Amino acid sequence: MANQSVETPALSPHEWSLIAQLLEAKQRELLAEIRHTDKRAFRDALHERLEQVDRLLERIPIPSIQE
């Protein structure tokens, strides 16, 4: 496998803030879906997706924006 360099996209503070808001909305959606899911395998998949969203939120720069 070739080494791939991953660069942080050049986004404005408002764009990073929007991405954070979208990820937070996805977190809430996943939590609600997990609560209403009876199938163990599907719940496990949802938990994995939630962990991915959590890791992304930890990694993205979230600037403080004064509007």
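Up top you'll find the structure we're talking about.
Let me sum up the structure you'll find in this document. If you're wondering where the values come from, they're calculated on a predicted model, not measured in any experiment.

1. What to know about the pattern of salt bridges
Turning to step 1, where the next piece is worked out: Per the stated rule, a full pass over the model turns up 3 salt bridges.
Turning to step 2, where the next piece is worked out: With its nearest N and O atoms 3.6 Å apart, the salt bridge here joins arginine 40 to aspartate 44. Placement of both arginine 40 and aspartate 44 in helix α2 (residues 40–59) is noted, with a separation of 4 residues, approximately one turn of the helix.
Turning to step 3, where the next piece is worked out: Overall, the relative accessible area of 57% leaves arginine 40 in the exposed class.
Turning to step 4, where the next piece is worked out: For aspartate 44, a relative accessible area of 38% puts it in the partly exposed group.
Turning to step 5, where the next piece is worked out: Its salt-bridge partner being arginine 55, residue glutamate 48 comes within 3.6 Å of it at the nearest N-O pair.

2. Description of helix α1 (residues 13–35)
Turning to step 1, where the next piece is worked out: In this model α1 runs 33 Å from its N-terminal to its C-terminal C-alpha over 23 residues, within 8% of the 33 Å that 1.5 Å per residue would give.
Turning to step 2, where the next piece is worked out: Within the span of α1, buried status applies to Trp16, Ser17, Ala20, Leu23, Leu30 and Ile34.
Turning to step 3, where the next piece is worked out: Check the buried side of α1 and you find it contacts α2.

3. Some remarks on the nonpolar core
Turning to step 1, where the next piece is worked out: Listed in full, the 10 residues of the largest apolar core are Trp16, Ala20, Leu23, Leu30, Ile34, Leu46, Leu50, Val53, Leu57 and Ile60.
Turning to step 2, where the next piece is worked out: Elements supplying a minimum of two residues to this core: α1 and α2.
Turning to step 3, where the next piece is worked out: Here this core gets 5 residues from one element, more than from any other, and that element is α1.
Turning to step 4, where the next piece is worked out: Sequence-distant contacts of isoleucine 34, that is, excluding residues within four places in its chain, are made with Arg43, Leu46, His47 and Leu50.

4. Points about the layout of surface pockets
A probe matching the size of a water molecule, rolled over the atoms, marks out where space remains unfilled.
Turning to step 1, where the next piece is worked out: Put simply, the largest pocket is a space of about 190 Å³.
Turning to step 2, where the next piece is worked out: Around the largest pocket, the lining residues are Val6, Glu7, Thr8, Pro9, Trp16, Leu56, Arg59, Ile60 and Pro61.

5. Re α2
Turning to step 1, where the next piece is worked out: Counted at 1.5 Å a residue, the expected span for α2 with its 20 residues is 28 Å, and the 29 Å between its end C-alpha atoms agrees.
Turning to step 2, where the next piece is worked out: Residues of α2 that are buried make contact with α1.

6. Let's talk about the environment of tryptophan 16
Turning to step 1, where the next piece is worked out: Looking at where tryptophan 16 falls in the secondary structure, it is placed in helix α1.
Turning to step 2, where the next piece is worked out: Residue classification places tryptophan 16 among the buried positions, given a relative accessible area of 10%.
Turning to step 3, where the next piece is worked out: For the pair tryptophan 16 and proline 61, spaced 45 residues apart in sequence, the C-alpha to C-alpha distance is 6.7 Å.

What counts, and at which threshold
- Residues numbered from 1 in each chain as written.
- Predicted model: local features only at pLDDT ≥ 70, side-chain atom pairs only at ≥ 80, totals over all residues.
- Heavy atoms only, no water.
- Salt bridge = Lys/Arg side-chain N within 4 Å of Asp/Glu carboxyl O.
- Helix = DSSP H or I, 4+ residues; strand = E, 2+ residues; numbered from the N terminus.
- Buried < 20%, exposed > 50% of the residue type's maximum accessible area, 1.4 Å probe, protein only.
- Expected span 1.5 Å × (residues − 1).
- Contact = heavy atoms within 4.5 Å.
- Core = buried A, V, L, I, M, F, W, Y, C linked by side-chain atoms within 4.5 Å.
- 1 Å grid on protein atoms, 1.4 Å probe; cavity = no way out; pocket = protein on both sides within 12 Å on 5 of 7 lines; lining within 4 Å.
- Points joined across faces, edges and corners; volume = space filled by probe spheres on them.

What is shown is where atoms sit, not what they do.
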